[in-house]
Amino acid sequence: MNRWAALYRAFLRTALLEQIQYRASGAIWMIGSVLEPVVFLVVWSTVAKAQGGSVGGYGAHEFAAYYVVLLIVNHLTFSWTMHDFQFRIQFGSLSFDLLRPVHPIHGDIAANLAYKVVMLVVMLPALVILTIAFEPHFTPVAWSLAAFAPALFLAFLLRFLFEWTLALAAFWTTRVTAINQIYFSLLMFLAGRVAPIALLPLWLRNVAHDLPFYYMVGFPVELALGKVPPTDALVGFTTQLLWLTVVGAIIVIVWRRAAYRFAAVGS
Amino acid sequence: MNALRLIGVFLRIGFLGETAYRANFWIQSFESALNLSMALAAIAVVFSQTDDLGGWRPVELTTLIGVYFIVLGAINVVTAPSLQKFLEDIVTGNLDYTLTKPADAQLLVSFAEVRVWRLADVFLGTGVLAVSLTLNAERVGVVEALQFAAAMLCSGAIVYSFWMMLATLAFWFIRIENVLQIFWAMYTAGRWPIGIYPQWLRWALTLVVPVAFAVTVPAQAVSGRLSGAMLAGAFALALGLLAFSRWFWLQGLRHYSGASA
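What counts as what
- Residues numbered from 1 in each chain as written.
- Chains lettered and ligands numbered in written order.
- Predicted model: local features only at pLDDT ≥ 70, side-chain atom pairs only at ≥ 80, totals over all residues.
- Helix = DSSP H or I, 4+ residues; strand = E, 2+ residues; numbered from the N terminus.
- Rg over C-alpha atoms; globule rule 2.2 N^0.38 Å.
- Buried ≥ 20, exposed ≤ 12 C-beta atoms within 10 Å, placed from the backbone.
- Contact = placed C-beta atoms within 7 Å.
- Expected span 1.5 Å × (residues − 1).
- Nonpolar A, V, L, I, M, F, W, Y, C, P; charged D, E, K, R; others polar.
- Axes fitted to C-alpha atoms, helices over the stretch in contact; angles between N-to-C directions.
- Parallel < 35°, antiparallel > 145°, perpendicular 65-115°, else oblique.
- Left-handed = near helix turned anticlockwise from the far one by under 90°.
- Core = buried A, V, L, I, M, F, W, Y, C linked by C-beta atoms within 7 Å.
- pLDDT = per-residue confidence, 0-100.

(A) Layout of the overall build of chain A. From N to C terminus, chain A includes 12 helices and two strands. Counting from the amino terminus, chain A carries its helices and strands in the arrangement α-α-β-β-α-α-α-α-α-α-α-α-α-α. What you see for chain A is a C-alpha radius of gyration of 20 Å, in line with the 18 Å of a compact globule of 267 residues. For chain A, the spread of C-alpha atoms along the principal axes amounts to about 65 × 40 × 40 Å. Here chain A holds 267 residues, and the buried ones make up 37% of them. For chain A, restricting intrachain contacts to residue pairs at least 6 apart in sequence, the fraction spanning at least 24 positions comes to 80%.

(B) Geometry of the overall build of chain B. Along chain B, the regular secondary structure elements total 11 helices and zero strands. The order of α-helices and β-strands along chain B, N terminus first, is α-α-α-α-α-α-α-α-α-α-α. In summary, chain B has a C-alpha radius of gyration of 19 Å against a globular reference of 18 Å for 261 residues, a match within 12%. Overall, the C-alpha framework of chain B stretches about 60 × 40 × 35 Å when taken along its three principal axes.

(C) Structural context of unusual backbone geometry. Residue A:E135 is not a glycine yet carries a positive backbone phi of 45°. Inspection of the secondary structure puts A:E135 in the loop between α7 (120-134) and α8 (142-167).

(D) Main features of helix α6 (residues 105-118) of chain A. Residue and element names in this part refer to chain A. For α6, with 14 residues, the first-to-last C-alpha span of 20 Å sits near the 20 Å given by 1.5 Å per residue. Buried within α6 we find D108, I109, A110, A111, A114, Y115 and V118. For α6, the elements touching its buried residues are α1 (2-21), α2 (23-50), α4 (81-91), α7 and α8.

(E) The interface of chain A and chain B, seen in detail. Taken together, the 30 residues of chain A in the interface contact 26 residues of chain B. Of the residues that constitute the side of chain A that touches chain B, the class distribution is 21 nonpolar, eight polar and one charged.

(F) The packing of α1(A) against α6(A), seen in detail. Residue and element names in this part refer to chain A. Where α1 meets α6, the closest approach of the two axes is 8 Å, and the angle between their N-to-C directions is 50°. The angle between α1 and α6 places the two elements in the oblique class. The hand of the α1/α6 crossing is right-handed. Side by side, α1 and α6 meet where L7, Y8, F11, L12, A15, L16, Q19 and I20 of the first sit next to H106, G107, A110, A111, L113, A114, Y115, V117 and V118 of the second.

(G) A look at the nonpolar core. If you look at the biggest cluster of nonpolar residues, it comprises 136 residues, and the most contacted ones within it are A:A155, B:V71 and B:V211. Sequence-distant contacts of B:V71, defined by excluding residues within four places in its chain, comprise B:S155, B:V159, B:A214 and B:V215. Core analysis: the next-biggest nonpolar cluster, separate from the first, contains seven residues, A:A110, A:A111, A:Y115 and A:V118 among them.

(H) Summary view of the packing of helix α3 (residues 58-92) of chain B against helix α7 (residues 142-168) of chain B. Residues and elements named next belong to chain B. Running from N to C, α3 and α7 cross one another at 20°; their axes reach a closest spacing of 11 Å. With respect to α7, the axis of α3 lies roughly parallel. Two packed elements cross with a definite hand, and for α3 against α7 that hand is right-handed. Facing α3, whose interface residues are V71, A74, I75, T79, L83, F86 and L87, α7 presents S155, G156, V159, Y160, W163 and A167. Split by residue class, the contact of α3 with α7 holds 10 nonpolar, three polar and no charged.

(I) Molecular detail of helix α2 (residues 22-47) of chain B. For α2(B), built from 26 residues, the straight-helix expectation of 38 Å at 1.5 Å per residue is met to within 8% by its first-to-last C-alpha distance of 38 Å. Listed as buried for α2(B) are B:Q28, B:E31, B:S32, B:L36, B:A39, B:A42, B:I43 and B:V46.

(J) How the structure looks around the environment of B:F47. Residue and element names in this part refer to chain B. Along the polypeptide, F47 turns up in helix α2. For F47, a count of 17 C-beta atoms within 10 Å translates into the label partly exposed. Residues F47 and T98, spaced 51 residues apart in sequence, show a C-alpha to C-alpha distance of 51 Å.

(K) Spatial organisation of the environment of B:A137. Along the chain, B:A137 falls in the loop between α6 (119-135) and α7. Counting along the chain gives 85 residues from B:A137 to B:V222, while the straight-line C-alpha distance between them is 9.9 Å.

(L) Structural detail: the environment of B:G73. All names here are of chain B. With respect to the secondary-structure elements, G73 resides in helix α3. Distance in space between the C-alpha atoms of G73 and A42 is 20 Å, their sequence separation being 31 residues. Beyond its immediate sequence surroundings of up to four residues, G73 is in contact with R118, L119, D121, V122 and G125.

(M) Summary view of the confidence of the model for chain B. Residue and element names in this part refer to chain B. Here chain B averages 89 in pLDDT, while 99% of its residues score no lower than 70. Averaged pLDDT values over the elements of chain B bottom out at 86 in helix α8 (residues 176-187) and peak at 93 in α6. As scored by the predictor, the complex reaches a pTM of 0.91 and an ipTM of 0.90.

Dropping the structure here:
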């Protein structure tokens, strides 16, 4: 236990310093992640107003609440490993990671946490501005709000491990951008980013409930807003844990084969 | 005339270079098709709940998507890769070689790199535009077509000048790549008509990053909702930005003293 605490302290310290060093580029990347929910928020409030105030149980101010919470959840759960894993293999920096006596995933977790801490500097003002500009309307439910925290944590784990598994594809192919693009499309529609999944056609909503993507973003968002009935919440948590087990098993198996396959240039 | 011939040579070299990587053609086509389907699917989801978005009918929004992809492709075929190379050349000092060539440096820099496979976006966008226009044929006459052509020319000039000005900043500052990232982040907002956004965001998308003139204005032209004043404004802005970016480039060049000087 002590060893892990020391390990993470060291990882986090270097990761934090690194993020502070590149704060400007980090902040610029945030523009996109703030703008995306704002765009869909504007689109859907326009639709709500045109339809006499609300669609699918959401009025303009409920959409504002949905997308403000989504901005937070999406920011806290996102990771970028799948976009840069190919460069680690291509330029050989993976060799250094493999030399360390710990699994490389721990360094990535620390870097991810550090980025999110540093980016609070951008995130908090953005939330304040959006709250003033769009006046979100919250009607929180106590038990649902309490369930939000564990749901968010599981969502982070699920998404992080899923994306890390996806990143391992770079060991077998150099065409990872196409794979990432497919994943991104699924995440946009099935996780509730293009629209709350209640607004999707029925068949797509059913698909969304079975696949892991909704449980990475949409599920905790709806819990925070008190939109999930208790039984559905239980089903949601179960599904989260189920997918987490599946992804965890895959990552263990695939990582071993991938690392075995990896041959650094010059070896 | 000489300039056109030079551009032709660059395009041919770029094409030859890219044809060596034929698998990339399929990957790029797949990614473009997926991207486009996603944009259209998002519109479908929105219009399953309404039949009018801020005064735009579905067929007008698909027109907008067509224009969005044409402009996106055009930027990615020449402007973005060439100016990316220019930014690298300033760091590595390779710009010195460009400057010693007996042709206009801005021209050389602007066409240095061509990614032909990115034309997939342009072709797919044109396809969507053509279908949308056919469905909306009764509203699109000769006048609208001419207005559209003019608006597209202005869009191209404005986007090019904007990129050129940002790239020129590299004579003074490092890490301009990050600033270009702002353009991409804000460009995605152009998939929807600028008019639906709140005032502050509309200003940002018009003045800070010219998404409004790049995408919305041409799409408005074929929907018959573009006023003459707006088109004249786009034309004036295009000329103004072209002139300013040229002047700014010359300032930057005067400031540049070579890699090792």
